[in-house]
Amino acid sequence: MKQSKKQLTKILGEIDNKSYPAYKQLKGSYDMTDFVLIIEHVQGDPFASPSMVSVEVPSVKANFPKNLYDNEEKKVALEDLLLRQFSGELRKYSFQAKGSGKSGFMGAVMPGPEILKRTGCEISGDGTVRVRFEAGFPANGRRINSRELEKMLVQLLPKVVLHSLYYDKTKERQCMQSAQLAEDQKFIREELKKRNLVAFVANGAILPRESGVSSRPMKNAVTFQSPKSLEITLQLPNRGEMKGMGIPQGITMIVGGGFHGKSTLLKALEVGVYNHVAGDGREYVITDDSAVKLRAEDGRSIQKVDISMFINNLPNGKDTSCFSTEDASGSTSQAANVVEAMEAGSHLFLVDEDTSATNFMIRDELMQKVVHSNMEPITPFSLRVRQLYKKVQISTILVAGSSGSYFYEADHIIQMKEYQPEDITEMAKSVAQEFASLEHENKAMENEKVPEPFIPDFSKPRIWLKKADMRDRVKMKVMGRDSISINKETIDLRYVEQLVDTGQLAGLANIVWFIRVHFLAEDMSMTEMVNRIEELLNTSVFEKICAGKVPGNLTVPRKQEIFECLNRWRGE
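Because the structure is a prediction, the values reported are computed rather than measured.

A word on the overall build of the protein. The number of helices and strands found in the protein is 15 helices and 28 strands. In terms of C-alpha radius of gyration, the protein reaches 27 Å, essentially the compact-globule figure of 25 Å for 572 residues. Residues classed as buried in the protein amount to 56% of the 572 residues present. Of the contacts made within the protein by residues no fewer than 6 positions apart, 72% connect residues no fewer than 24 positions apart. Carbon and sulfur atoms make up 50% of the accessible area of the protein, which amounts to about 25,300 Å² in all.

Structure, rendered in structure tokens:
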């Protein structure tokens, strides 16, 4: 039941100068005339994590036209835009109220360049806008300073709401541009499927970043220009004609000298699974949204994964059709990463030679002669990459700078030269046929007669974690973009390179704990579990997963990252 603004000020007056826990009386909803203030959780003391607060603006007040949020892509784009505006306005007034510890702090999530579904801002079907943020309730020592909180909630917060969450002429153009960009990005994703492409990079895109720790585009960077042989023309619904490089399904190599932009292009393709804001430089870099970046990951945990298509006949006789280890090598970790990505439904692998295990990627002719194939348990990826495409329609984009072994398998070979791509497929294939050692290597590979891969059965349950009780207390912690901790169990995610936002890790922590509590006893496959989670996220974002207590810092991850997180949870 909502209380009035007058009742809020009355309670504040009554608890002034009392012990800090008296602030808990404020929990509830308050009608602030133009919006509803919801105090969801009150911090224990002024030095603890700030209180959880939200603002709900009714549709008649927010007044955003329906055509700005009438499909999921536009809705997420508008939510992203409003959250950026709200967070920016909130920063102007943070700490204007004074006191001890975190007193006066007001902050909401400030998104990066990726447009992601977040709990920070949600727009309901009728146009009601809800924004979640944190507030440090003021105190002098550990005594309540309610006059300063009244200043925050009654004087400053309405100004923030007015300038960020109401539609008016000043926002009209920006909102429309956001919606139109979302429509164009959706159109390109649909065109990828229709044209049998795995990625698109627009002419004029800016791929290099300002620095290794910045997501901003590099100033005066060389803009991208597609080679004519791979250039396609799209007629976008809003932007109109757009040209750029379309990367076809199959096997594509990206080669070139050091520092010429190979990894920069691959990195842009990695994050191209997400839409980007205007001005990022990569807003028209669109990749198959199931793409997974694969790499070696020494020391990771592997649990009950069938890696037999890559590793077999181990000297210790260990079964690789249900392989487990607490300390994987580079080759076994990369083999598991491939199989787990298949289980997660990926149709595109992104691989960089620099972060791969050499013995997993290739075996050259000389090594085959010295160490015979019947003594080598590893079937390299070079012998499986074509089979994976033919048998299960998984394409691969591979960056290579030192090995030419994949020239024979590649359908397209792109050379990066001073950050510009050139299609050198015909030339590279011709040189490879003439180059004796490569030709012998190719024949040696053919003579090995590698059998067709056995595709694992992903419908079988693969449980190694113990079921948790929903009554158990759970403590979650996010360590940047590197890892999450759940009841002191650390899940190492530093090599899951497509995680771009700490909110994704916070979301993953809640998701995998929910799975452990609710699904493990039902003997479901990993695919069934993750599909159930996707259904919950689609219907109520994190409402059911968080049992109604939804913080404002969660971001919805892709199902591929849910799989990757579960697969790295060692358990007790």
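Right, let's get into empty space enclosed by the protein. Applying the stated criterion across every chain, the model contains four cavities of 30 Å³ or more. Taken together, 15 residues form the lining of the largest cavity, with Val292, Leu294, Asn337, Glu564 and Arg568 sitting closest to its centre. Among the elements of the structure, β19 (292–294), α7 (330–343) and α15 (559–567) are those that each provide at least two residues to the lining of the largest cavity. A per-class count over the lining of the largest cavity returns seven nonpolar, two polar and six charged.

Attention now goes to the packing of helix α1 (residues 5–15) against helix α4 (residues 146–164). Closest axis-to-axis distance for the α1/α4 pair is 9 Å, and the angle between their directions is 160 degrees. One way to sum up the angle between α1 and α4 is to call them roughly antiparallel. Pair α1 / α4 crosses with right-handed handedness. Contacts from Lys5, Leu8, Thr9, Leu12 and Gly13 in α1 reach Ser146, Leu149, Glu150 and Val154 in α4. Considered class by class, the residues forming the contact of α1 with α4 number four nonpolar, three polar and two charged.

Moving on to the side chain of Thr252. Position of Thr252 among the secondary structure elements: in strand β16 (residues 251–255). Looking at Thr252, the relative accessible area reads 1%, which means it is buried.

As a further point, take the nonpolar core. The biggest cluster of nonpolar side chains holds 52 residues, and the ones touching the most others in it are Leu26 and Leu157. Taken together, the elements giving at least two residues each to this core come down to α1, β3 (36–41), β4 (51–57), α3 (72–93), β7 (121–123), β8 (129–135), α4 and α5 (169–194). In contact with Leu157, not counting residues within four places along its chain, are Phe35, Leu37, Val55, Phe86, Leu90, Phe133 and Met152. Counting 42 residues, the second-largest nonpolar core is a separate cluster that includes Met253, Phe323, Ala357 and Leu398.

Our next topic: the pairing of strand β25 (residues 420–423). Both strand β24 (residues 412–417) and β25 contribute to a ladder of four bridges, which runs antiparallel. Opposite Ile414, over in β25, you have Asp423 as the bridge partner. The turn joining β24 and β25, which pair antiparallel and follow one another in sequence, is formed by two residues; a positive phi near 50 degrees is taken by Glu418.

So, how was this worked out
- Residues numbered from 1 in each chain as written.
- Predicted model: local features only at pLDDT ≥ 70, side-chain atom pairs only at ≥ 80, totals over all residues.
- Heavy atoms only, no water.
- Helix = DSSP H or I, 4+ residues; strand = E, 2+ residues; numbered from the N terminus.
- Rg over C-alpha atoms; globule rule 2.2 N^0.38 Å.
- Buried < 20%, exposed > 50% of the residue type's maximum accessible area, 1.4 Å probe, protein only.
- Contact = heavy atoms within 4.5 Å.
- Areas by Shrake-Rupley, 256 points an atom, 1.4 Å probe, with all protein chains shown as cover.
- 1 Å grid on protein atoms, 1.4 Å probe; cavity = no way out; pocket = protein on both sides within 12 Å on 5 of 7 lines; lining within 4 Å.
- Points joined across faces, edges and corners; volume = space filled by probe spheres on them.
- Nonpolar A, V, L, I, M, F, W, Y, C, P; charged D, E, K, R; others polar.
- Axes fitted to C-alpha atoms, helices over the stretch in contact; angles between N-to-C directions.
- Parallel < 35°, antiparallel > 145°, perpendicular 65-115°, else oblique.
- Left-handed = near helix turned anticlockwise from the far one by under 90°.
- Core = buried A, V, L, I, M, F, W, Y, C linked by side-chain atoms within 4.5 Å.
- Pairing = 2+ DSSP bridges.

Without other data, these values stay purely geometric and don't point to any function.
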